[in-house]
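# Reading the structure
Listed below are the residues making up each chain.
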Amino acid sequence: MNHIALKMLMGDTGKYLGIVMGLTFASLIMTQQPAIFMGILARTYSFISDTGLPDIWVMDEKVQFVDDIKPLQDTELYRVRGISGVAWAMPMYKGLLKARLADGAFQTCNVIGLDDTTLIGGPPIMLQGNISDLRRSDGVIIDIDGLNEKLSKLDADGKKIPLKIGDSLELNDHRAIIVGIAKVTRTFQSQPVIYTTYSRAKSYAPKERKLLSFVLVKAIKGQDLDELTRRIREKTGLAAYTQQEFMDITYNYFIKNTGIPINFGISVLLGFIVGAAIAGQTFYSFTLENIRQFGVLKAMGTSNWTLLRMILLQAVLVGSIGYGMGVGLTALFGYAMRHTILAFKFPWQLLVFSGAGVSIICMLAAFISILKVMRLEPAIVFKS
Amino acid sequence: MVDAVRCEKLVKIYDTGGQKVVALNGIDLTIKLGELMMLVGPSGCGKTTLISVIAGILDQDSGICELFGENVNAMRSKDKLQFRAKNIGFVFQAFNLLPSLNAAENVSIPLIINGVKRAEAERKAIKVLEQVGLGDRWKSFPSQLSGGQQQRVAIARALIHSPRLIVCDEPTSALDHVSGHNVMNLLKEVALHEDRALVIVTHDARIFEFADRIAQMDDGHVVKVTP
Ligand SMILES: Nc1ncnc2c1ncn2[C@@H]1O[C@H](COP(=O)(O)OP(=O)(O)OP(=O)(O)O)[C@@H](O)[C@H]1O
Ligand SMILES: [Mg+2]
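Along each chain, numbering runs from 1 in the same order as the chain's sequence is written. Whichever chain is written first is A, and whichever ligand is written first is 1; the rest continue in order. pLDDT decides what is reported in this predicted model: residues at 70 or higher carry local features, side-chain atom pairs at 80 or more are listed and counted, and totals for whole chains, interfaces and linings draw on all residues regardless. Side-chain descriptors were evaluated using all non-hydrogen atoms of the structure, hydrogens and water having been removed beforehand.

## Some remarks on the overall build of chain A
Rule in force here: Runs of E in the DSSP output that reach at least two residues are strands. Runs of H or I that reach at least four are helices, and both are numbered from the N terminus. Only the C-alpha atoms count toward the radius of gyration. The rule for a globule is 2.2 Å times the residue count to the power 0.38. Buried residues are those whose accessible area, probed at 1.4 Å on protein chains only, stays under 20% of the maximum for their type, while exposed residues exceed 50% and partly exposed ones sit between those limits.
A tally of regular secondary structure across chain A gives 12 helices and 12 strands. Here the C-alpha radius of gyration of chain A, 30 Å, is well above what a compact globule of 384 residues would show, namely 21 Å. Taken over the C-alpha atoms alone, chain A extends approximately 95 × 60 × 30 Å along its principal axes. For chain A, the residues scored as buried account for 51% of the 384 residues in total.

Structure follows, in C-alpha cells:
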C-alpha cells in the first residue's frame, strides 16, 4: 500500500508543494536562526579563544565579560609573577580608542597592547608582515576585516580601498604605522582590532592611573590550573580564570544580560508555529480532499492500521524533504555569508534540534489526519 | 446450496442530532448465487443503506444479514475486514477511482489489500482490463478516460479478486445510454456467474431488462420482488 500512499500524495502537486514548502520554511527558520545565534555567542569569547598561549587570565574581581575592562595597577603584574606555580605572567592592554583616518574620519578600534619584549597575546594568524615588526617605531598590526571594511578609504567612484602596510593613522594624536596584517576571529563588537606593544598602547590611551587590563599567566609544567587560580585569587584579591572559565563567564553574561537569546528564541518559536500551521493545515486539507479515496480503501477492506501507516509515510516523506531543503538552504546561506560580517555557526547538534522540530510538526499534522481517517465511516463511498 | 445474501427483519435508524430517520424498517430479502438482483424504488427509500449493510460497511441496528451463511456483523472487526476484502466487489455511481493511479494500479488495489505482491497484482490487473475491453489503456489515468471507460475500470477492480458478491450503486446513472448498456452487458456477461451474485441499485428503467429479479422498495421496506 506504500506506493499508493506516495502516489496519492504526489498526485496532488499543488498541495504537495505547499506542505513541503511549509516544512522547508519551518526547518530553515529553526536551523538558520539558531546558527546565527550560536555564531553571535561564539563571537562574544572569540578574543579569548584567539589568545591561545596563556593558561590563566587575571583581572579585576568585578569584570563580568571580556569587553568589560576594569583596569589594574601595573604593580599587580609583579605580584602575580611572584606567585609559585607561575611560569610567566605578561601584561595586556585592551581598550576602545578612536582612530583618526587619513581623510579625517574617526573610527573606534579595539586596541590590544602586548608585552614589549615577548609580544605574547598576539593575533592567531599573520597574513602579511611579522609579529616582531611591532618592535619598529610606531608599528601596529591590524586585522584584515577592519582594514577592508571600517578602516578603508573611499575613492572617487565610491569604491573601498583597504589600508595597506606602510599606511598610517592617528590614535589619540599619536602616529601609528601599519607594519602587519592579521586574521582574527570576528568579535561581538566587530571593531577593527589594532595590535601594538603594551607601552605604545599606554601612550595611545588617555592618561589614567591604571591601564593594565589583564595579566596573562602561563603555569609551570604539571601545575594544577584550578589550584593555581585559587592561589592567585588568594594572594592578590584579583579574579583569575582558566581560559575555558573566562570564555564561559563571557558567554553566560551575554546569555543572561542581553535580549539575544529571547529574540532568537522568539524567531525559532515563530518559525515553528508558522511552519506547523502551514504544513499542518495543508496536510490536513490534503487528507480531507482525499477522504473519499481513503473511504474507498477502507470499504474495500483496508485496516485502520494500514491507513495509519500510509498517512505516517506521507508525513515522513514530506517531513524529510522539507527538513533536507531547510537544512540545505541554511548551509547554503552560511556558505554564501562566510566572508561577510554575519555570524554563523552550524554544529551537528543544530541538525538534531531542527530535525526534532520538523518531526514534531509532521507528527502533529499526521495525527489530526489519522484521527479523521480512523473515524471515517466507509459508508460515505456510496454518497455521491 | 447456501444463499449469497439473506436479510431478516433488518432495521437501520440514522440518528442525526436528535432527529431519527428510519432508513430500513424490517427488510426481508434473499439473493441467490448466480443471480443479478436489482433494487429499485423512490429516492430516500433506503436502497443505498441496504446495500451498505449487505456489503458490511454499515452496521444495522437490529435484524440479521448473512452472507454465504455467515453472520458478518457478529465477526471481530479484523475478520470482518478480511471477509470484506475477500468476498465483496464495489462499483459506484461516481466510479471512485484514485486519480493519481493509472488504470492497472487502480484495478490492482483489491489484490494488494489481500496481500498479493504489487508486480503480480498489476500483471493480473492488465488481464482483467483486457476482459473489460481496456487492455490497451492500462497506463491511462482516470482523467484520460471517458465516463464509460472509467466505469469499466471500476468493474475490473470489482472483479479482480474474484469476490462472491458485487454491489453496485447506480452504476449507469452517470453514463449515457450506450455506455450504460455496455456497462450492464459487461456486468451480466463477465461479472456474473454461478458462484457469484450481483446486487445493483438503480433508478434507470432502461436497464431493468438485465435483472434476473427486481426488488421494489419503499420507505424502508421491500414491497415486492419480481418475478
Ligand atoms: N448518513 C446519514 N445520516 C442520516 N440520515 C441518512 C444518512 N444516510 C441516509 N440517510 C437517510 O436515510 C434514508 C434512506 O437513505 P438512502 O441513501 O439509503 O436512500 P436511497 O434509496 O439510496 O436514495 P437515493 O435514490 O436518493 O440514492 C433517507 O431518508 C436519507 O435521508
Ligand atoms: Mg442511494
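Now, onward.
## A word on the environment of A:Trp57
Residues and elements named next belong to chain A. When you line up the elements, Trp57 lands in strand 1 (residues 56-59). Owing to a relative accessible area of 0%, Trp57 belongs among the buried residues under this scheme. Expressed as a C-alpha distance, the spacing of Trp57 and Phe214, which sit 157 residues apart in the sequence, is 6.5 Å.

## As for the packing of helix 5 (residues 147-159) of chain B against helix 6 (residues 177-191) of chain B
All names here are of chain B. Here is the rule we go by: All axes are obtained by fitting lines to C-alpha atoms, using only the stretch in contact for helices, and the reported angles, taken between N-to-C directions, cover 0 to 180 degrees. Just so you know how the angles are binned, under 35 degrees is roughly parallel, over 145 roughly antiparallel, 65 to 115 roughly perpendicular, and the rest oblique. Should the near helix be turned counterclockwise from the far one by less than a right angle, the crossing is left-handed, whereas a clockwise turn marks it as right-handed. Any two residues whose heavy atoms approach within 4.5 Å are treated as being in contact. Here the term charged refers only to Asp, Glu, Lys and Arg, the term nonpolar to Ala, Val, Leu, Ile, Met, Phe, Trp, Tyr, Cys and Pro, and the term polar to all other amino acids, Gly among them.
Their axes nearest at 10 Å, the elements helix 5 and helix 6 cross at an angle of 15 degrees. If you check the angle between helix 5 and helix 6, you find them roughly parallel. Where helix 5 crosses over helix 6, the handedness of that crossing is right-handed. Contact residues: helix 5 offers Gly148, Gln151, Arg152, Ile155 and Leu159, while helix 6 offers Ser179, Val183, Leu186, Leu187, Val190 and Ala191. Counted by class, the contact of helix 5 with helix 6 contains 7 nonpolar, 3 polar and 1 charged residues.

## Looking at the pairing of strand 2 (residues 19-31) of chain B
Consecutive side chains of a regular strand alternate in pointing toward one face of the sheet and then the other. Residues and elements named next belong to chain B. Formally: Being paired, for any two strands, means DSSP has found at least two bridges between them.
One ladder, built from 10 bridges, connects strand 1 (residues 5-16) with strand 2; its direction is antiparallel. Following the sheet pairing, Tyr14 is matched in strand 2 by Val21. Connecting strand 1 to the next strand, strand 2, in antiparallel fashion are 2 residues, including Gly17 with a positive phi near 55 degrees.

## Quick notes on the packing of aromatic side chains
Here is the rule: The criterion for an aromatic pair is that two Phe, Tyr or Trp rings (for Trp, the six-membered ring) have centres within 6.5 Å, with stacked assigned to planes under 30 degrees apart, edge-to-face to planes over 60 apart and tilted to the rest. Only when the NZ atom of a Lys or the CZ atom of an Arg is both within 6 Å of the ring centre and within 35 degrees of the ring normal do we say a charge sits over the ring.
If you walk through the whole model with that rule in mind, you get 16 aromatic pairs over all chains. Judged by centre distance (6.1 Å) and plane angle (50 degrees), the ring pair of A:Tyr45 and A:Tyr251 falls under tilted. Note that A:Tyr45 is positioned in the loop between helix 2 (13-44) and helix 3 (46-50) and A:Tyr251 in helix 8 (residues 243-257), a separation of 206 residues in sequence. Centroid distance A:Trp57 to A:Phe246: 5.4 Å. Interplanar angle 45 degrees. Geometry classified as tilted. With A:Trp57 in strand 1 and A:Phe246 in helix 8, the pair connects residues that are 189 residues apart, well separated along the chain. A connected cluster of aromatic rings, assembled from ring pairs, spans A:Phe47, A:Trp57, A:Phe214, A:Tyr241 and A:Phe246. Over the face of the ring belonging to A:Phe47 we find A:Lys94, whose NZ or CZ atom lies 5.3 Å from the ring centre. Sitting above the plane of the B:Phe68 ring, B:Arg164 keeps its charged end 4.0 Å from the centroid.

Taken by themselves, the reported measurements are silent on function.
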